[in-house]
Amino acid sequence: MWNKPFGYSEYIAIDAGLVITGLLLQITVGPIDWSLIAFPANIILLACFLAALATMFVLRRKFYFFRCLFNGKNAVVVLSFVAALTLVMGLIKQDGISLPLGFSKMLGAWWLVLPYVWLTVILGMTALTRTVPFHLRNIPFLLNHWGLFIALTGATLGNADVKELTMQTFPGKPEWRAVTNEGEVTELPLAIELKKFSIEEYPAKLMIIDNNTGNALPGKKPQFVSIDEKQGSIADWNIRVIQYLDYAAPMGLEGSVKFIGWGSDGATEAALVSTFNRKTGEHHKGWISCGSYLFPFQVLKLNKKLSLVMAEREPKKYSSAVKVYTKDMKIYEDTIQVNKPFAVKGWKIYQLDYDREKGRWSEMSTFKLVSDPWIPSVYAGIFMMLAGAIFLFVRKGPQT
Amino acid sequence: MWNYFILYAVIAAVLWTIGATASYKKAKPWLVYSSTVLGLTVFLLYIILMWKELGRPPMRTMGETRLWYSFFLPLAGLITYLRKKYRWVMGFGTLLAVVFICINIFKPEIHSKSLMPALQSPWFAPHVIVYMFSYALMGVAALTAIYILWKKKTDLSGCDDLVYLGLAFLTIGMLFGALWAKEAWGTYWAWDPKETWAAITWFTYLVYIHYRRIPNSSVQKSGILLIVAFIFLQVCWWGINYLPAAQNMSMHTYNLD
């Protein structure tokens, strides 16, 4: 071993060495503390990294080891190691607590990250070999390799500068405090005032469930009847909606509950239904309701085993009309929806959640705020790879 | 709409089988193409009708994604046949398509799920369609690899073409996912089980491509690598729903309740 030219054994030894080094670091120093490379450390690191790559490239004819960095077999080996280590991550639950040595939190494990860094080194060196001298025909190759290099580097170094916050807002009360993923409260340079939270839900669904297991019938292929269909059938049961109230409240005692129209906060959906079993001839009739934060749900017992229920309505669309106040006395207005975030002053505000207990009566709106200063570099890498991928299926050949 | 599935599926499958048999017997091209394309049209019609009935793209449940797989497989086989004239590739595509049709008939997860707000995005259809097409190409590549290993042949160039094309779509699908995630959740990559396995699959196909470029690389090892990569692909697609490590950890799991 270690005779030139290097082969698979040598390259495997190098990568294995990185993994072992990583394990030793994990044992001695502990997991990676990504906050250590927050700005300006990440910029300095980037500069050093690029300088090192440039130096190794310029000196490649003098040092065999530098030439190895863009060797094809080396690429195969490092990609295999990265794939294998990621496979370990895919097979172990990343809950952060179960296993030692970083196995449950592999994104902070030296022995995963060092091979990924090595991949980036080899990627950069390989890309350099076809950057200088520059030829147009190398463009697909460069897009693919530099694209991944830029995305990986930007994402890893930029990760320490990402701020993700959650903020709960209530109507008419501007909020400038938010909570980090670790539960710390922090103040923002902007204030968000929720003007109105709006939600549309899908029509309620009627289902027949087993009283003991709670499973919907029929076993393998659960069916439901949508309340707006007015009638349908599930298994042997015909179901008919006699009356539906979108805003209702219960009246009466256990055993003889009925619902009346009632429009105030907390009103529930209710339906008067009748069922007919085609096999046994049984008839049932009664009120069912999915309940709300004010009122309990109501089922229609069909027999000892089964009940007809109205499932809680699923959200179709929800959004928040907001006013954002910034420190330089500007006011911005917009409506934030899932998949339509609002960008302001370096922050992107996402519609995350609402008061699920209150459902359609929720006044509270939860936002996620993300600040990601390195995102332009990641986007650049992503778009380069997209372009490179298109070349892959236009050219379909080893030139790429 | 699912009640009519077996009708459309059987018609399409019969047409595809005619086309595949014709290609195997080196029959006139018009028979191969027209039969297969007709089968594809029938199946596509079913998908479109289902799309209309649901009022949303049929991509939400496992059963619905299998529809696209069954559509793209014979298409991938046809494209490969057009370019490489392999006699068996359309048979493979049809066979795999029929397998997934049968799964939809015998183990359906058919209750229609309302589309949650997170999925109401223009990214939804492209992300899924591009991925399903890639999966189809990789499926044909894997079958080709098995065939070549079994018959001890030495020319894997057909696989290479399929994998380059498949990887292109796989990459685009993955990157569409990242761009969508940034718009929906604020993070382009969260290493949840689906994304982790997507990365594993992507890297494994990259290993294959780079290994194939080394002079004198082993055909046998390449073939096995391709099959392993396809297994990872299946894990990524639906295997994570059963993987202990992935339980309750992913936004991506198609609900099986």
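Here's what I pulled together on the structure shown here. Quick caveat, the model's predicted, so the values are computed rather than measured. (Residues numbered from 1 in each chain as written. Chains lettered and ligands numbered in written order. Predicted model: local features only at pLDDT ≥ 70, side-chain atom pairs only at ≥ 80, totals over all residues. Heavy atoms only, no water.)

Within chain B, the secondary structure is distributed over 8 helices and 0 strands. Along its sequence from the N terminus, chain B presents helices and strands in the succession α-α-α-α-α-α-α-α. Dimensions of chain B along its principal axes, counting C-alpha atoms only, are 50 × 45 × 30 Å. In chain B, which comprises 257 residues, the proportion classed as buried is 63%. Long-range pairs, those at least 24 residues apart, make up 77% of the contacts in chain B with a sequence separation of at least 6. Roughly 10,400 Å² of accessible area belongs to chain B as shown, and the carbon and sulfur atoms make up 69% of that amount. Averaging the coordinates of the 21 positive side-chain charges in chain B and doing the same for the 10 negative ones gives two points 14 Å apart. (Helix = DSSP H or I, 4+ residues; strand = E, 2+ residues; numbered from the N terminus. Buried < 20%, exposed > 50% of the residue type's maximum accessible area, 1.4 Å probe, protein only. Contact = heavy atoms within 4.5 Å. Areas by Shrake-Rupley, 256 points an atom, 1.4 Å probe, with all protein chains shown as cover. Lys, Arg positive; Asp, Glu negative; His and termini not counted. Charge placed at Lys NZ, Arg CZ, Asp CG, Glu CD.)

Turning to the packing of helix α1 (residues 8–28) of chain A against helix α5 (residues 110–129) of chain A, a few remarks are in order. Residues and elements named next belong to chain A. Direction vectors running N to C along α1 and α5 enclose 145°, while the axes themselves pass 7 Å from each other. Both α1 and α5 take part in a crossing whose hand is right-handed. The segment α1 lies against α5, with I14, D15, L18, V19, T21, G22, L23, L25 and Q26 engaging W110, W111, L114, P115 and W118. The residue makeup of the contact of α1 with α5, split by class, is 10 nonpolar, 3 polar and 1 charged. (Axes fitted to C-alpha atoms, helices over the stretch in contact; angles between N-to-C directions. Left-handed = near helix turned anticlockwise from the far one by under 90°. Nonpolar A, V, L, I, M, F, W, Y, C, P; charged D, E, K, R; others polar.)

This part is about the packing of aromatic side chains. Under the defined criterion, the tally for this structure stands at 43 aromatic pairs over all chains. Over the ring of W176 of chain A we find R177 of chain A, and its NZ or CZ is 5.5 Å from the ring centre. Just above the ring of Y81 of chain B sits the side chain of K85 of chain B; from NZ or CZ to the centre is 5.4 Å. (Phe/Tyr/Trp six-rings, centres within 6.5 Å; stacked < 30°, edge-to-face > 60°. Lys NZ or Arg CZ within 6 Å of the ring centre and 35° of its normal.)

Frequently, the measure chosen for interface size is the accessible area that the parts lose on association. Taken together, the contact pairs 52 residues of chain B with 60 residues of chain A. Carbon and sulfur atoms supply 70% of the area buried between chain B and chain A, which totals about 4,700 Å² over both sides. For E183 of chain B, the salt bridge goes to K348 of chain A, with nearest N and O atoms at 3.1 Å. Contributing elements (two or more residues each) for the side of chain B that touches chain A: α6 (157–184) and α7 (193–212) of chain B. At 15 residues, α6 of chain B tops the list of elements feeding residues into the side of chain B that touches chain A. (Buried area = accessible area lost by both parts, 1.4 Å probe. Salt bridge = Lys/Arg side-chain N within 4 Å of Asp/Glu carboxyl O.)

On to empty space enclosed by the protein, then. Summary: where empty space remains is shown by rolling a probe the size of a single water molecule over the atoms. Residues and elements named next belong to chain B. Scanning all chains against the criterion turns up 2 cavities of 30 Å³ or more. In this structure, the second largest cavity occupies an estimated 40 Å³ of space. What lines the second largest cavity is simply Y131, Y135, L170, M174, A198, T201, W202 and C236. Those elements that provide at least two residues to the lining of the second largest cavity are α5 (124–150), α6 and α7. With 3 residues, the top contributor of residues to the lining of the second largest cavity is α7. Of the residues that constitute the lining of the second largest cavity, the class distribution is 7 nonpolar, 1 polar and no charged. (1 Å grid on protein atoms, 1.4 Å probe; cavity = no way out; pocket = protein on both sides within 12 Å on 5 of 7 lines; lining within 4 Å. Points joined across faces, edges and corners; volume = space filled by probe spheres on them.)

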